[in-house]
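Coordinate inspection notes
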Amino acid sequence: HNTGSINALDLQGQTLPVPAGTETWLTRQPDRAVGEHVLVLDFWATWCRPCITASPKLDRIQRDHEGDVLVLAFSGLSAGKRWPEDEATIRRYIESHPVAYAHLHDPSRAVYRLVKPSGIPHAVVISTDGVVRWQGNPHDPRLPHVIDAVVRADPGLAGRRARAHGGG
């Protein structure tokens, strides 16, 4: 668990509903089911400079853990937080800044309202059993180590690997 500044509702150790519903996939939807990956939810916006500088770090996490981790970037937050950032602006941004991870547009802010971040960027790490294992700023230097530890300890990933190699 992150014992530092979380800047959101502290959901660590609790089950978070799988993100699904009103979001629009802005990039290709991943092939495997969400519950088969460790998830990293990233709350961001095109106008947020710290969000933009976090993107290469999240891209590296996705690439380093291909098949085990699924980074899902949730956009939809306006600068004034009163209305959603428009989808066309977000699509233009992600087309000109390609990354290995998936983007979803959440104009209703349904997932955002579950997590309640008071600032962005904000990342949430969820194990395959749906439990929030870590929350915080994706610039936190501990994040890559947290991801490594969750991937190593996640029984869902271990079970999938065993099945892929002919076990259980």
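Here is a short report on the structure shown in this document. (Residues numbered from 1 in each chain as written. Predicted model: local features only at pLDDT ≥ 70, side-chain atom pairs only at ≥ 80, totals over all residues. Heavy atoms only, no water.)

Notes on the overall build of the protein chain
Regarding its fold elements, the protein chain presents five helices and six strands. Along the chain direction, N to C, the helices and strands of the protein chain fall in the order β-β-α-β-α-β-α-β-β-α-α. The burial tally for the protein chain puts 48% of its 168 residues in the buried class. Once local pairs closer than 6 in sequence are excluded, the contacts in the protein chain between residues at least 24 apart make up 77%. Carbon and sulfur atoms make up 54% of the accessible area of the protein chain, which totals about 8,300 Å². (Helix = DSSP H or I, 4+ residues; strand = E, 2+ residues; numbered from the N terminus. Buried < 20%, exposed > 50% of the residue type's maximum accessible area, 1.4 Å probe, protein only. Contact = heavy atoms within 4.5 Å. Areas by Shrake-Rupley, 256 points an atom, 1.4 Å probe, with all protein chains shown as cover.)

Side note on the environment of Leu-114
Along the chain, Leu-114 falls in helix α3 (residues 110-115). Taking the C-alpha atoms as reference points, Leu-114 and Leu-11, separated by 103 residues in sequence, lie 9.3 Å from one another.

Brief notes about the sheet that holds strand β4 (residues 102-105)
If you trace the six strands from one edge of the open sheet to the other, you get β1-β4-β3-β2-β5-β6, paired in mixed fashion. Strands at the two margins of the open sheet, each flanked by one partner only, are β1 (24-25) and β6 (132-136). Contacts from helix α1 (residues 49-64) reach β2 (38-43) and β3 (69-75) within the one sheet, and its direction differs from that of β3 by about 160°. (Pairing = 2+ DSSP bridges. Axes fitted to C-alpha atoms, helices over the stretch in contact; angles between N-to-C directions.)

Digging into helix α2 (residues 87-96)
The complete set of buried residues in α2 reads Ile-90, Tyr-93 and Ile-94. For α2, the angular spread of the buried residues around the axis is 90°, confining them to a single face. More than 90 degrees from the buried face of α2, the exposed residues found are Arg-92 and Glu-95. Those residues of α2 that are buried are in contact with α1, β3 and β4. (Arc of directions from axis to C-beta.)

What to know about the nonpolar core
Residues Val-40, Leu-41, Phe-43, Val-69, Leu-72, Val-125 and Ile-147 are the most contacted members of the largest nonpolar core, which totals 44 residues. The element that contributes the greatest number of residues to this core is β3, accounting for six residues. Not counting the four nearest positions on each side in its chain, Val-125 is found in contact with Val-38, Leu-39, Val-40, Val-131, Val-132, Arg-133, Trp-134, Leu-143, Ile-147 and Val-150. (Core = buried A, V, L, I, M, F, W, Y, C linked by side-chain atoms within 4.5 Å.)

Looking at the packing of aromatic side chains
Summed over all chains, the structure comprises three aromatic pairs. Ring plane angle 25° and centroid distance 5.7 Å describe the contact between Phe-43 and Phe-74, whose orientation is recorded as stacked. With Phe-43 in strand β2 and Phe-74 in strand β3, this residue pair connects regions lying 31 residues apart in the sequence. For the pair formed by Phe-43 and Phe-74, the shared burial category is buried. Every member of this aromatic cluster is reached through a ring pair, and the members are Phe-43, Phe-74 and Tyr-112. (Phe/Tyr/Trp six-rings, centres within 6.5 Å; stacked < 30°, edge-to-face > 60°.)

Things to note about helix α4 (residues 143-153)
Among the residues of α4, Leu-143, Val-146, Ile-147, Val-150 and Val-151 are the ones counted as buried. Seen end-on, α4 carries its buried residues on one side only, within an arc spanning 130°. Exposed residues on α4 whose side chains face more than 90 degrees from its buried face are His-145, Arg-152 and Ala-153.

What about unusual backbone geometry?
In this chain, Ile-120 is followed by Pro-121 through a cis amide linkage whose omega measures 5°. With respect to the helices, strands and loops of the structure, Pro-121 is situated in the loop between α3 and β5 (122-126).

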